[in-house]
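# Observations on the three-dimensional arrangement
Each chain, letter by letter, is given below.
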Amino acid sequence: MSALWYAVGMVELSPKEVLAWHIEAGADEAIGDEPVDRFAVHEAAVQQAKEQRATVASQPDAMPPRGRRSVVQDVHQSPQEPASRSTVPQVSGGRAETAVHTAVSMASAATTLAELKQALMDFDGCGLKRTATNTVFADGNPEARIMFVGEAPGAEEDRQGLPFVGPSGQLLDRMLASIGLDRTSFYITNIVFWRPPGNRNPTTDEIAACLPFVERHIELVDPEIIVPLGGPAAKTLLGRAEGITRMRGKWFSYATPHMQRPAHAMAIYHPAYLLRSPAHKREAWRDLLSLKDKLSELSH
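In this report, we go over the structure that sits alongside the text. (Residues numbered from 1 in each chain as written. Predicted model: local features only at pLDDT ≥ 70, side-chain atom pairs only at ≥ 80, totals over all residues. Heavy atoms only, no water.)

## So, the overall build of the protein chain
Heads up, the condition is: Each helix is a run of DSSP H or I of at least 4 residues and each strand a run of E of at least 2, with the numbering of both proceeding from the N terminus. Only protein chains enter the accessibility calculation, which uses a 1.4 Å probe. A residue is then buried if its area is under 20% of the maximum for its type, exposed if over 50%, and partly exposed in between. Note on definitions: a residue-residue contact is assigned when non-hydrogen atoms from the two residues lie within 4.5 Å.
Per the secondary structure count, the protein chain includes 12 helices and 9 strands. Among the 300 residues that make up the protein chain, the fraction classed as buried is 43%. Within the protein chain, residue pairs in contact and separated by at least 24 positions form 72% of the contacts whose partners lie at least 6 positions apart.

Below you can see the structure in the form of structure tokens.
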């Protein structure tokens, strides 16, 4: 077999070296006969979500799906902006739809975090589980008043079985330490519990399969404040179509039928984004101060 070329650095690699590189990147299993353009899949999902929200907006009396969460904007922060309703992520049907129904049944039966974690370990409806090393459930203090929700585990998280322990997690720890928080005073998880191969974005079907567990997770922890980290987590939990740059810094209200009371919610930049775009740390600092002020306000 002739030598191959690694396109980014134009470094000549042997087939064995190419294979080792792919394994290190997370592509350690062939899960399809044909390559999939994940960018095209993501764009299609975004467009579908926009069309669905446009339909909901044109029918003001339409009710959200039974048993799902309802999200409205906090009137104390931005009363001029209309309230929004979240929608269930659209799945491709067939096995994906069955997986969602199974996830809803298993998650709703859990009455403790230990039971929820065991249900997740027993759940086989998300294909990411077959390629991941560990299930990454949560870390921190489940009795904390504030809960952070990221997107998906990375390579280090997959190895250790804990969320946010890699470079972005270390930055997040430093950020939260600046406002007096550490993992004894906050709780953290993701909207997807297994690492996507190569750290790609999770698909709509993968998020939909995990979402019932995420929602039950939030219900059992019952935080006063929920902080989605980055665009995918914010869009999933807040049910909104705009990007993170427009959502960050705004307070919303998050509730499900089984929560004792609504939680305050504000999205902030994902620390991995701040590592790539340090110029946005100024906005991130403002958001951290807003979180600190909200915690202080709720203490009185």
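Picking up where we left off.
## Quick notes on the packing of aromatic side chains
How we decide: For Phe, Tyr and Trp, rings pair up if their centres lie within 6.5 Å, where Trp contributes its six-membered ring, and each pair is then called stacked (planes under 30 degrees apart), edge-to-face (over 60) or tilted (otherwise). To sit over a ring, a charge needs its Lys NZ or Arg CZ within 6 Å of the ring centre and within 35 degrees of the ring normal.
In total, this model carries 5 aromatic pairs according to the counting rule given. Ring geometry for Phe193 versus Trp194: centroids 6.2 Å apart, planes at 75 degrees, classification edge-to-face. The class for Trp194 is buried, based on a relative accessible area of 1%. Relative to Tyr273, the ring of Tyr269 lies with its centre 5.1 Å away and its plane at 35 degrees, an arrangement referred to as tilted. Judged by its relative accessible area of 3%, Tyr269 is buried. Residue class for Tyr273 comes out partly exposed when judged on its relative accessible area of 25%. Through pairs of rings, three or more aromatic residues link up here, namely Phe137, Phe193 and Trp194. In this structure, Lys294 is placed above the aromatic ring of Trp251, and the distance from its NZ or CZ to the ring centre is 4.9 Å.

## Details of helix H9 (residues 231-238)
For H9, the buried fraction is high: 6 of the 8 residues fall into the buried class. Of the residues making up H9, those classed as buried are Gly231, Ala233, Ala234, Thr236, Leu237 and Leu238. Trailing H9 by a residue or two, Gly239 shows a phi angle of about 65 degrees, which is positive.

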